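Residue strings, one per chain:
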Amino acid sequence: MPTELTDGFSLAAQVPAALLRKVFSPSFLQALPGLNRTAPSGKQLTLWFTAADLAFLPKPLPFVNPIEVDLSFTARLSGEYDEVRGIIRIRTAVTQMRVGSGGDAFIAPVIDFRPGAVDSFEVSGLTPAQEPIWGPEITSAVKPTLASMSPFTAGPLFPDRNARFFLNTHPDASYGPGNGVLSVYIWTAGGDPPPIPPVIVPRRLSADRAVALVPRDRVEQAIDAGLQANGLKNLPKEVGGTTLTSFSFAWRDFGVGAGHFYFSGTADHTLGSVRFEAWVQLYVEHGQAKVNVLRTRHDAGFFIDLADLFTAGAITRTLEEVLPRAVRGIGGGAFGDLGLFATDAVPEPQAFATMDVDGNVDVWPGGLGIPARLVARPVTSTFPPPVYLWGHVGNREFHTGTCEYGRRIKNPARFPTWMRAVELGYNGCLYCQSEYDVAAVGQLLVDVAGAVSSMPEVTARLVSEVRRFGVIVRPPVERLDGRFGRQESTGSRVYRSAPLVPGTWEVIVTHQDWTVSMTVEVGRAWRSEGTWHGTATMVRAEVGSPEVGSETVPPRM
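Residues numbered from 1 in each chain as written. Predicted model: local features only at pLDDT ≥ 70, side-chain atom pairs only at ≥ 80, totals over all residues. Heavy atoms only, no water.

Considering the overall build of the protein
Here is step 1 of the chain: Scanning the protein from terminus to terminus reveals seven helices and 38 strands.
Here is step 2 of the chain: Expected size for 557 residues packed as a compact globule is a radius of gyration near 24 Å; at 36 Å, the protein overshoots this value by more than 25%.
Here is step 3 of the chain: Its C-alpha atoms put the protein at 115 × 60 × 45 Å along the principal axes.
Here is step 4 of the chain: Taken across its 557 residues, the protein has 51% of its residues classed as buried.
Here is step 5 of the chain: In the protein, once contacts between residues fewer than 6 apart in sequence are set aside, the share between residues at least 24 apart is 63%.
Here is step 6 of the chain: Just so you have it, the protein exposes about 25,200 Å², and 50% of that area is on carbon and sulfur atoms.
Here is step 7 of the chain: Side chains of the protein give 50 positive and 55 negative charges; the mean places of these two sets differ by 1 Å. (Helix = DSSP H or I, 4+ residues; strand = E, 2+ residues; numbered from the N terminus. Rg over C-alpha atoms; globule rule 2.2 N^0.38 Å. Buried < 20%, exposed > 50% of the residue type's maximum accessible area, 1.4 Å probe, protein only. Contact = heavy atoms within 4.5 Å. Areas by Shrake-Rupley, 256 points an atom, 1.4 Å probe, with all protein chains shown as cover. Lys, Arg positive; Asp, Glu negative; His and termini not counted. Charge placed at Lys NZ, Arg CZ, Asp CG, Glu CD.)

Here is the structure:
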């Protein structure tokens, strides 16, 4: 049937899930890049949203379009040393709403996070230890915030011109780079619309491309009206010095969305009768229909210029009016030229849904496909980004990001609070974090005999309770570096630690199936007038031997 491309509707559009994600993410992050809230516990919660994603879910009911939204976040809570990262996963649905801007109205596919629309809300990615503290605080702060700011745009906008819009998701529809297609059906006739189809054939979609579908009967009506308007229905007709005596056109498609129109006819010329053919392609350039004459041919034995027919003449004007005429018939002609998708005159944050109608028009047996590509726009935010302290993994000092020494660190460790830095065994910079500076540091050396040609693994962990500035120090397991400690003269390899927290440490040396361990006191060393003072702890072991010992030695900082 002639309207099979649009399943009987006046017009249809297909939007891939990937394009919806590219619209939803910036519009969401523009509207809600982060939040500061007082949690029920009285603590201050600061949360940054770092990404927003969505996926279509199987449909439980014909008119429900369920989706799963993932909101990636980083959160900090006053009194907690570290920040957490996770995902807020929400099951809701894609719906539609009417938005206005500058006197125009648009239909917007949206995602609603209000209580009646949300099917489930969960915070994932937290460790079991974090969940009891962070989970309730994040949920209690984020849920009402999302509800108060809902809904959020999740797709291109469509001009609203007295038409009825219906959305339908197809989670399993494959379009090349991914799965999931949102179909938008537009109905302008009176009475009940056709039933929404449960299955579709995706039409030449990509991650950045949607397509508007125009049924064949509407296109043919537009061509017929164009021929009539340009005087090509009542032949013969003089066109540029040539009398057109017959004229016809046919659809030429290849079943994959390319294609063109084939025109043929006869004309009387002063030098004789001519039969001609032309292969013509339609394309749109920023919303304006254009004609591309692929090829022409005629059987005249003399030169004849077909330009007036197919390059700038009546037939070209007819074809350039086809799409505007076909679309203008929907909604009383208020769609304008090819305003199938909203372009510039849309409100924020829906402006991220703008589309550029541009590219070759696809020809199928059932109608035409008008391409539209997403116009990317930058996200700007006044919400302050998270500030970190920068730690040097070599000397175990932490700095502010503006510190003269902190700025020189190439690959810094990042800490959200000074408590977290101290907890991990870092020492405050003497210049920018002097209130957390501890003069004394520890150093551990491990001499492994018989390891000159091999690389045993040497680790150490703090086993005594050490407090600094009210914080219990819990550094991670230390892996000592022996890459540059090869001693050919003694046949051993000396491993050296980074500056450690003085205290009791358990040292473990492993090579294949041999392991020894020892608990030692790591002493204190400090720098004064350019010279290191104090002691370091040396552990001595031999590959294959159960014996292990220790002694104090001068520091080797």
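Some words on the nonpolar core
Here is step 1 of the chain: Core analysis: the largest hydrophobic core is formed by 92 residues, its most contacted members being Phe24, Phe28, Phe49 and Ile138.
Here is step 2 of the chain: Non-local contacts of phenylalanine 28, meaning those with residues more than four positions away in its chain, are made with Pro33, Phe49, Ala52, Leu71, Phe113, Leu146 and Phe152.
Here is step 3 of the chain: In terms of nonpolar packing, the next biggest core, distinct from the first, is built from 22 residues, Leu444, Ala460, Leu500 and Trp505 among them. (Core = buried A, V, L, I, M, F, W, Y, C linked by side-chain atoms within 4.5 Å.)

Let's talk about unusual backbone geometry
Here is step 1 of the chain: Put simply, serine 150 and proline 151 share a cis peptide bond, and its omega is 0 degrees.
Here is step 2 of the chain: Checked against the element boundaries, proline 151 lands in the loop between α2 (131-149) and β8 (152-153).
Here is step 3 of the chain: Here the residue pair leucine 235 and proline 236 is connected by a cis peptide bond, since its omega of 5 degrees sits within 30 degrees of zero.
Here is step 4 of the chain: Considering the arrangement of structural elements, one finds proline 236 in the loop between α3 (216-229) and β13 (237-239).
Here is step 5 of the chain: Not every positive phi belongs to a glycine, and phenylalanine 469 is a case in point at roughly 55 degrees.
Here is step 6 of the chain: Mapped onto the secondary structure, phenylalanine 469 falls in the loop between β28 (467-468) and β29 (471-472).

Considering the pattern of salt bridges
Here is step 1 of the chain: Going through the model one piece at a time under the given rule, you end up with 27 salt bridges.
Here is step 2 of the chain: Residues arginine 420 and aspartate 82 are paired through a salt bridge, measuring 3.3 Å at the closest nitrogen-oxygen approach. One end of the pair, arginine 420, is in helix α7 (residues 418-423); the other, aspartate 82, is in the loop between β4 (66-77) and β5 (84-101), and 338 residues separate them in sequence.
Here is step 3 of the chain: Note that glutamate 423 is salt-bridged to arginine 474, the shortest N-O span being 3.2 Å. Here arginine 474 lies in the loop between β29 and β30 (478-479) and glutamate 423 lies in helix α7, a separation of 51 residues in the sequence.
Here is step 4 of the chain: Using a relative accessible area of 10% as the deciding quantity, one classes glutamate 423 as buried. (Salt bridge = Lys/Arg side-chain N within 4 Å of Asp/Glu carboxyl O.)

Regarding helix α1 (residues 17-31)
Residues three or four positions apart in an α-helix share a direction because the helix packs 3.6 residues into each turn.
Here is step 1 of the chain: Here α1 spans 21 Å end to end across 15 residues, near enough to the 21 Å set by a 1.5 Å rise per residue.
Here is step 2 of the chain: The buried count for α1 comes to 11 of 15 residues, which makes it a mostly enclosed element.
Here is step 3 of the chain: Listed as buried for α1 are Ala17, Ala18, Leu19, Leu20, Val23, Phe24, Ser25, Pro26, Ser27, Phe28 and Leu29. (Expected span 1.5 Å × (residues − 1).)

A few points about a nonpolar patch on the surface
Here is step 1 of the chain: Taken together, Tyr405, Leu430 and Tyr431 make up a surface patch of nonpolar side chains, about 350 Å² in accessible area.
Here is step 2 of the chain: Among the secondary structure elements, tyrosine 405 is positioned in the loop between β23 (397-399) and β24 (413-415).
Here is step 3 of the chain: Look at tyrosine 405 and you get partly exposed, because its relative accessible area is 34%. (Patch = residues over 30% accessible without salt bridge, like charges linked within 9 Å, V, L, I, M, F, W, Y side chains within 5 Å.)

Overview of the sheet that holds strand β34 (residues 514-522)
Through backbone hydrogen bonds, the strands of a sheet pair up, either in parallel or in antiparallel fashion.
Here is step 1 of the chain: With respect to topology, four strands assemble into an open sheet ordered β30-β27-β33-β34, the strand pairing being antiparallel. The strands lining the two open edges of the sheet, one partner per strand, are β30 and β34. (Pairing = 2+ DSSP bridges.)

Some words on the confidence of the model for the protein
The predicted coordinates of low-pLDDT regions are not to be read in fine detail.
Here is step 1 of the chain: Summing up the model confidence of the protein, the mean pLDDT is 87 and the portion of residues at 70 or higher is 92%.
Here is step 2 of the chain: Note on residues 331-336: pLDDT under 50 across the span, and 10 contacts to partners over four residues away in sequence or across chains. (pLDDT = per-residue confidence, 0-100.)

A look at the side chain of serine 120
Here is step 1 of the chain: Within the element layout of this structure, serine 120 appears in strand β7 (residues 120-124).
Here is step 2 of the chain: The class of serine 120 is buried, set by a relative accessible area of 16%.

Description of the pairing of strand β32 (residues 492-496)
Here is step 1 of the chain: By the criterion of burial, β32 is predominantly enclosed, with four of the five residues buried.
Here is step 2 of the chain: Here strand β26 (residues 444-449) pairs with β32 via five bridges, running antiparallel. Bridge pairing links valine 448 to arginine 493 in β32.
Here is step 3 of the chain: Sheet analysis places strand β31 (residues 486-487) next to β32, joined by two bridges and oriented antiparallel. Within β32, the residue paired with glutamine 487 across the bridge is serine 492.
Here is step 4 of the chain: Turn length for the β31-β32 hairpin, with the two strands adjacent in sequence and antiparallel, is four residues, and the turn residue glycine 491 shows positive phi of about 70 degrees.

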